[in-house]
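What follows is the residue order along each chain.
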Amino acid sequence: MAGRPTSAEEVAEAVRAHRQVRVRGAGTKGRLVDGPGELLEMSGLRGIEEYEASEYTFTARAGTPVREIEEALAEKGQYLPFDPMFAGAGATLGGSVAAGFSGPGRFRYGGMRDFLLGVQLVDGRGTLVRSGGKVVKNAAGFDLPKFMVGSLGRMGILTEVCFKVFPRPRRTRTLRIAAPAPAAAVERLVRVAASRWEADALDYVPREAALYLRLGAPGEALDSLAAEIEAEWPGEVAVLDDEAERACWLSSREMTWANGGRRVKVPVSPSRMAALQELVDGLDGCEARFASGGAVAWLSVAASLDALRDGLARAGLIGLLFAGPADDPLWLGKRSEPAILADMKQALDPDGRFPAI
Amino acid sequence: MAAGSQLQHSLARLVAPDRVYVDDVHLAAYESDGLTVFRARPRAVVVPETSAEVVAVVRWCHGNAVPFVARGSGTSLSGGSLPVEEGIVIALNRLDRILELDPVDRVAVVEPGVINLDVSVAAGESGLYFAPDPSSQTICTIGGNVAFNSGGAHCLKYGMTANHVLGMKAVLATGEVVEFGGRSREHIGPDFTGLFCGSEGLFGVALETTLRLLPLPEMFHTVLAGYRSLEEAGNAVSAVIESGLLPGALEIMDALAIEAAEAAVACGYPGGAAAVLIVELEGPREKVAAERVQLEEILAATNSFESRVAADAEERATIWKGRKSAFSAVGRLSPDFIVQDGVVPRTRLGEALRRIGEMSAETGIRVANVFHAGDGNLHPLILFDGREDGGLERAEALAGRILEMCVAMGGSITGEHGVGMEKRAYLPGMFSEDDIDVMKRVRAAFDPKEIANPGKMFPGPEAPALTAHGLHPLEKAGVISRE
Ligand SMILES: Cc1cc2nc3c(=O)[nH]c(=O)nc-3n(C[C@H](O)[C@H](O)[C@H](O)COP(=O)(O)OP(=O)(O)OC[C@H]3O[C@@H](n4cnc5c(N)ncnc54)[C@H](O)[C@@H]3O)c2cc1C
């Protein structure tokens, strides 16, 4: 049976009251929630606490759905530029930070780690702690907010988060660039990334042999930039209509393209994209989509993990399995486990109340 | 003395003997950093040339419980690189190699002693640059930038140093050599790279850093607008922010700062201005062309009595020169000054500046203001004469009141200069006992013996001799200027 705290204090009490605790936001990254111990549902910590559009910041309770935030921001012409993942499926702010996932828009201005300003969390001793701040710039104290990005609910339970936001581009336009083979895709992607065009998002979709590039700018500028990109690869560039544009980025953010039961995130970079795609091509039931200009590969895996695990290890890559059966490994590939990881776990969660990392 | 020579002997075995200094002449050069009011003489200075030597020195320090302070160029403005008397300084300037520059992944891998600007110069050949641009960028090191999570004039849009550090190799104070992050812009697992940035030298020494590079903007559009009051300039900033534009830079200088800059570099700012505002747009030419029209409309609706657009790179450089030289220029107005860098919510900038003005009038201490208006990051320059009895103490007291005001407004005691030695007493104003306790536990995880830059960031007992010493020697020589 799950507990459903409605305040940070109640979360702290619950942590003190149980030998082992784990948290669930909306469960969009279910494998990260699995583990022993009392389950805390964070849906009771919901709502925006402060939002001052002209400060470019908001503070909200950790169980607030990202979608709710995005709606509030959109009313003021603002957004979280990194397109948080799984917002459509109900992902919460806290779960998104703990997972450390950023969507396609990460390409232009950076991701979760770059927009998170401050956190309130409950540590493994059940103490409420704040770190970071509520202003867009702050260098006081250690940057624990960044450390919480990707901490997977293993280092503390987030109860409140504060973010920096940006004005949303007036208009956007998405172009599809043909990318027949992975090598050509990488070449074109690198060309776009180094160009003067300033794309906001840049994905490679091997299944469609295409790159998708999103521009954000005032209208006249969009026409001229798009024309130049079309001239760069004559006959190989298409402009998406509004509906197709919406579908393209929704698919990227929600992984609606994925049909495997297992989902894996693999940090990568342009120089290693082709090798990873080759590995994926060689595996039955495995498919990849590269987002954020080749900074991350999202994998869908229908079959066994063994071959993927070995392949990633050989390529010197690591993956995080965030959806799949509870007895699947969390980490795939070659992971380094420095002593400081255990020491930090000990510092924040001395009694091991949260799942092991 | 015997103890000294034994230390020297031990260190000499780890690096070459001629790269261990224990003599007064050499040690004096390391006694303070950019905040010259603090001085402390270390027992020795070691100058390693390779990361293996750094690792050996740190392991030796750990084994012998000898404190160490890593040091780049010593330009910290908060006493961060102030030596520890019972410890040694590890000077990293000779680890100054750019190990790799990869235009495909758009990253640079650099040693800690590499100068900030040198990264952009090298990357420029591939049309890339390293965004963090502290005004000390011609002299400060990447190691120092990482340790202090340094900023610059472009933070609102591009963030601070931490946002541009993807991975690192470091030797922790325990002697453990770790690799955090990598060359991907994404990571999985807790973000150790992000945590290390801004740790002010309390975790260990960064040996190699993987930096995120960005494509150089195609063009800049720089506007300089003069106002009859500081408040009007502040209102203009609000108008720009509320319009939905995202300028690369939004900076303000007040009359005293303008006067100083004018005298120092003849930047030709609008005569009689009580404040000037610098707004810079950047990006693809079409985008800038559309946005500049919008910006012109916004500024036209403000009360600026004169506004100018930089017609070319040279004029842009002149506008920035006034801004970037402001700090050292203020040094001409006064024998001594201290700089604070507290942050307030941007919407309360006007109020904060008014209160600083009131405090200045009340105490009779002159304060010049130069600040990153887009971030709400103040830089009050508090002028004093160290030869006057109690001059420094009065200036410090005013600085403290300004920091308290920043905290009370929901801001921060530091936006980019770090807590260091100077602001450690103010950390508890921002954080509760429990918050600080967690930070201490984190510190203990990285450095159980408290040998890495001890005495900084956390409130502590005594601070080394507080005396007014004027400008940093390099500033006096005109090599650097502060922002
Ligand atoms: C004229 C002037 C202008 C300035 N302008 C700005 C500005 O615009 N924005 C801004 O943010 N700052 C500014 N500063 C402050 C300063 O330049 C920055 O803090 C800078 O990053 C310090 O770099 P450094 O190489 O001098 O580091 P140091 O002063 O030598 O060291 C700073 C800290 O970093 C630690 N450290 C150094 N190297 C390492 C390493 N490899 N690993 C771990 N820890 C290390 C030191 O122990 C110390 O705590 C200015 C300073 C001056 C004097």
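The structure presented is a predicted model; accordingly, all values stated were derived computationally and were not measured.

S.K.: How should I be thinking about the overall build of chain A in this particular structure?
M.R.: A tally of regular secondary structure across chain A gives 12 helices and 19 strands. Here the C-alpha atoms of chain A give a radius of gyration of 21 Å, agreeing with the 21 Å that 2.2 N^0.38 yields for 357 residues. In terms of overall dimensions, chain A has a C-alpha envelope of 65 × 50 × 35 Å along the principal axes. In chain A, which comprises 357 residues, the proportion classed as buried is 65%. Looking at chain A as shown, the accessible area adds up to about 12,000 Å², and 47% of this sits on carbon and sulfur atoms. Of note, chain A has its 44 positive side-chain charges centred 3 Å away from the centre of its 47 negative side-chain charges.

S.K.: Can you walk me through the overall build of chain B in this structure?
M.R.: Within chain B one finds 17 helices and 18 strands. Taken over the C-alpha atoms alone, chain B extends approximately 70 × 60 × 45 Å along its principal axes. By the burial criterion, 64% of the 483 residues in chain B qualify as buried. The long-range share in chain B, meaning contacts at least 24 apart out of those at least 6 apart in sequence, stands at 73%. Taken as a whole, chain B presents about 16,000 Å² of accessible surface, with 51% of it coming from carbon and sulfur. Averaging the coordinates of the 42 positive side-chain charges in chain B and doing the same for the 64 negative ones gives two points 2 Å apart.

S.K.: Explanation requested: unusual backbone geometry in the structure shown.
M.R.: If a residue is not glycine, its phi is most likely negative; likewise, a peptide bond is most likely trans. All names here are of chain B. Despite not being glycine, A266 shows a phi value in the positive range, around 45°. Residue position: A266 is located in the loop between helix 9 (255-265) and strand 14 (275-283). The exposed category is assigned to A266, whose relative accessible area is 57%.

S.K.: Mind showing me how you'd approach the domain arrangement of chain A here?
M.R.: A common measure of how large an interface is: the accessible area buried when the components associate. All names here are of chain A. Structurally, chain A comprises domain 1 (8-167), domain 2 (171-254) and domain 3 (262-333). Spacing between the C-alpha centres of domain 1 and domain 3 amounts to 25 Å. Between domain 1 and domain 3, the contact holds 16 residues from the first and 16 residues from the second. Considering only the side of domain 1, the residues that lose the most area to domain 3 are R31, F101 and L152, jointly responsible for 44% of the buried surface there. At the surface where domain 1 touches domain 3, the tally comes to 6 residue pairs in polar contact (both at pLDDT 80 or more). Of the residues assigned to the side of domain 1 that touches domain 3, the class counts are 7 nonpolar, 4 polar and 5 charged.

S.K.: When you look at the domain arrangement of chain B in this model, what are you seeing that I'm missing?
M.R.: Each domain of chain B was delimited in the assignment, giving domain 1 (3-91) and domain 2 (219-327). Look at where the C-alpha atoms of domain 1 of chain B and domain 2 of chain B centre, and you get two points 43 Å apart.

S.K.: Can you help me understand the environment of F220 of chain B in this one?
M.R.: Residues and elements named next belong to chain B. Mapped onto the secondary structure, F220 falls in strand 12 (residues 219-227). Judged by relative accessible area, which is 30%, F220 ranks as partly exposed. It is 26 Å that separates the C-alpha atoms of F220 and A255, two residues lying 35 residues apart in sequence. Discounting residues that sit within four places of it in the chain, F220 has contacts with E280, L281, E282 and R316.

S.K.: Please explain the sheet that holds strand 7 (residues 116-122) of chain A as it appears in this structure.
M.R.: Note on sheets: strands pair through backbone hydrogen bonds, and any given pair is parallel or antiparallel. Residue and element names in this part refer to chain A. One open sheet holds the 5 strands; their spatial order is 4-5-9-7-8, and the pairing between them is antiparallel. At either end of the open sheet lies a strand with only one pairing partner, and these are strand 4 (48-52) and strand 8 (128-132). Strand-to-strand twist of the sheet, defined as the mean angle between neighbouring strand axes without regard to direction, takes the value 10°. Contacts from helix 1 (residues 8-17) reach strand 7, strand 8 and strand 9 (157-164), with the element oriented near 50° to strand 7. Across the sheet, helix 2 (residues 66-75) touches strand 4 and strand 5 (57-61), and the angle it forms with strand 4 is around 25°.

S.K.: Would you take a moment to explain the interface of chain A and chain B for this structure?
M.R.: Each side of the interface is counted separately: chain A has 78 residues, and chain B has 89 residues. Overall, the association of chain A and chain B removes approximately 6,500 Å² of surface from exposure, summing both partners, and the carbon and sulfur fraction of that is 59%. Here chain A and chain B share 11 salt bridges between them. With a shortest N-O distance of 2.4 Å, E186 of chain B and R106 of chain A are connected by a salt bridge. Across the chain A-chain B interface, the total number found is 37 residue pairs in polar contact (both at pLDDT 80 or more). Looking at the side of chain A that touches chain B, the element that brings in the most residues is helix 12 (residues 339-348) of chain A, giving 7 residues. Here the residues of the side of chain A that touches chain B sort into 40 nonpolar, 18 polar and 20 charged.

S.K.: Help me understand the side chain of D114 of chain A in this model?
M.R.: Tracing the sequence through the fold places D114 of chain A in helix 5 (residues 112-115). A distance of 2.8 Å separates polar atoms of two side chains, one belonging to D114 of chain A and the other to N163 of chain B. Excluding residues that lie within four positions of it along the chain, D114 of chain A makes contacts with R106 and Y109 of chain A together with N163 of chain B.

S.K.: So what exactly am I meant to see when it comes to the nonpolar core here?
M.R.: The nonpolar side chains of soluble globular proteins are, as a tendency, buried together. Judged by nonpolar contacts, the single largest core of 146 residues is most densely connected at F163 and M344 of chain A together with V442 and F446 of chain B. For M344 of chain A, the contacting residues outside a window of four places in its chain are F147 and M155 of chain A together with F192, L195, V442, A445 and F446 of chain B. L175, V192, L211 and W233 of chain A belong to the second largest nonpolar core, which has 45 residues in total.

S.K.: Mind showing me how you'd approach the layout of surface pockets here?
M.R.: All names here are of chain B. By volume, the second largest pocket is sized at about 930 Å³. Put simply, the parts of the chain that give the lining of the second largest pocket at least two residues each are strand 8 (165-172), strand 9 (177-181), helix 7 (192-196) and strand 10 (204-212). With 4 residues, strand 8 is the single largest residue contributor to the lining of the second largest pocket. The class makeup of the residues in the lining of the second largest pocket is 13 nonpolar, 11 polar and 9 charged.

S.K.: Explanation requested: the confidence of the model for chain B in the structure shown.
M.R.: Segments scoring low in pLDDT should not have their predicted coordinates read at a detailed level. For chain B, the mean per-residue pLDDT works out to 93, and 95% of the residues sit at or above 70. Reported confidences for the modelled complex are a pTM of 0.96 and an ipTM of 0.97.

S.K.: What's the story with the side chain of E286 of chain B in this structure? I'm lost.
M.R.: Relative to the elements of secondary structure, E286 of chain B occurs in helix 10 (residues 285-300). By relative accessible area, which is 12% here, E286 of chain B ends up buried. Here E286 of chain B is in contact with R196, A221, S224 and L225 of chain A, once residues within four sequence places are set aside.

S.K.: Can you help me understand the pattern of salt bridges in this one?
M.R.: Working definition: two side chains of opposite charge can pair if their charged atoms are close together. Applying the stated rule across the entire model yields 62 salt bridges over all chains. Across the pair K134 of chain A and E160 of chain A runs a salt bridge, and its minimum N-O distance is 3.9 Å. With K134 of chain A in the loop between strand 8 and helix 6 (144-148) and E160 of chain A in strand 9, this pair connects stretches of sequence that are 26 residues apart. Accessibility expressed as a relative area gives 29% for K134 of chain A, which makes it partly exposed. A relative accessible area of 8% means that E160 of chain A is categorised as buried. One network of salt bridges, with partners in common, ties together R106, R113, D114 and K265 of chain A together with E186 and D191 of chain B.

S.K.: I would appreciate a short explanation of helix 9 of chain B in the present structure.
M.R.: Every α-helix winds through 3.6 residues per turn, so residues three or four apart in the chain are directed the same way. Residues and elements named next belong to chain B. Of the positions making up helix 9, those classed as buried are L256, A257, I258, A260 and A261. The secondary structure elements touched by the buried residues of helix 9 are strand 13 (249-254), strand 14, helix 11 (313-324), helix 12 (326-333), strand 17 (367-372) and strand 18 (380-384). Where helix 9 terminates, the next one or two residues include A266, which has phi positive at roughly 45°.

S.K.: Mind showing me how you'd approach the sheet that holds strand 17 of chain B here?
M.R.: Residues and elements named next belong to chain B. One open sheet accounts for 7 strands, arranged 15-12-14-13-17-18-16; its pairing is antiparallel. This sheet does not close on itself; its edge strands, each paired only once, are strand 15 (306-309) and strand 16 (336-339). On average, each strand axis in the sheet is tilted by 15° relative to the strand beside it, whichever way the strands run. With 3 bridges joining them, strand 13 and strand 17 adopt antiparallel strand pairing. Residue pairing across strands places I252 opposite F371, the latter belonging to strand 17. In this fold helix 13 (residues 349-363) packs onto strand 17 and strand 18, with an angle of close to 160° to the strand it touches most, strand 17.

Here is what the cut-offs are and how they apply
Residues numbered from 1 in each chain as written. Chains lettered and ligands numbered in written order. Predicted model: local features only at pLDDT ≥ 70, side-chain atom pairs only at ≥ 80, totals over all residues. Heavy atoms only, no water. Helix = DSSP H or I, 4+ residues; strand = E, 2+ residues; numbered from the N terminus. Rg over C-alpha atoms; globule rule 2.2 N^0.38 Å. Buried < 20%, exposed > 50% of the residue type's maximum accessible area, 1.4 Å probe, protein only. Areas by Shrake-Rupley, 256 points an atom, 1.4 Å probe, with all protein chains shown as cover. Lys, Arg positive; Asp, Glu negative; His and termini not counted. Charge placed at Lys NZ, Arg CZ, Asp CG, Glu CD. Contact = heavy atoms within 4.5 Å. Domains from an automatic or database assignment. Buried area = accessible area lost by both parts, 1.4 Å probe. Polar contact = N/O pair within 3.5 Å; in protein donor to acceptor, adjacent residues only side chain to side chain. Nonpolar A, V, L, I, M, F, W, Y, C, P; charged D, E, K, R; others polar. Pairing = 2+ DSSP bridges. Axes fitted to C-alpha atoms, helices over the stretch in contact; angles between N-to-C directions. Salt bridge = Lys/Arg side-chain N within 4 Å of Asp/Glu carboxyl O. Core = buried A, V, L, I, M, F, W, Y, C linked by side-chain atoms within 4.5 Å. 1 Å grid on protein atoms, 1.4 Å probe; cavity = no way out; pocket = protein on both sides within 12 Å on 5 of 7 lines; lining within 4 Å. Points joined across faces, edges and corners; volume = space filled by probe spheres on them. pLDDT = per-residue confidence, 0-100.

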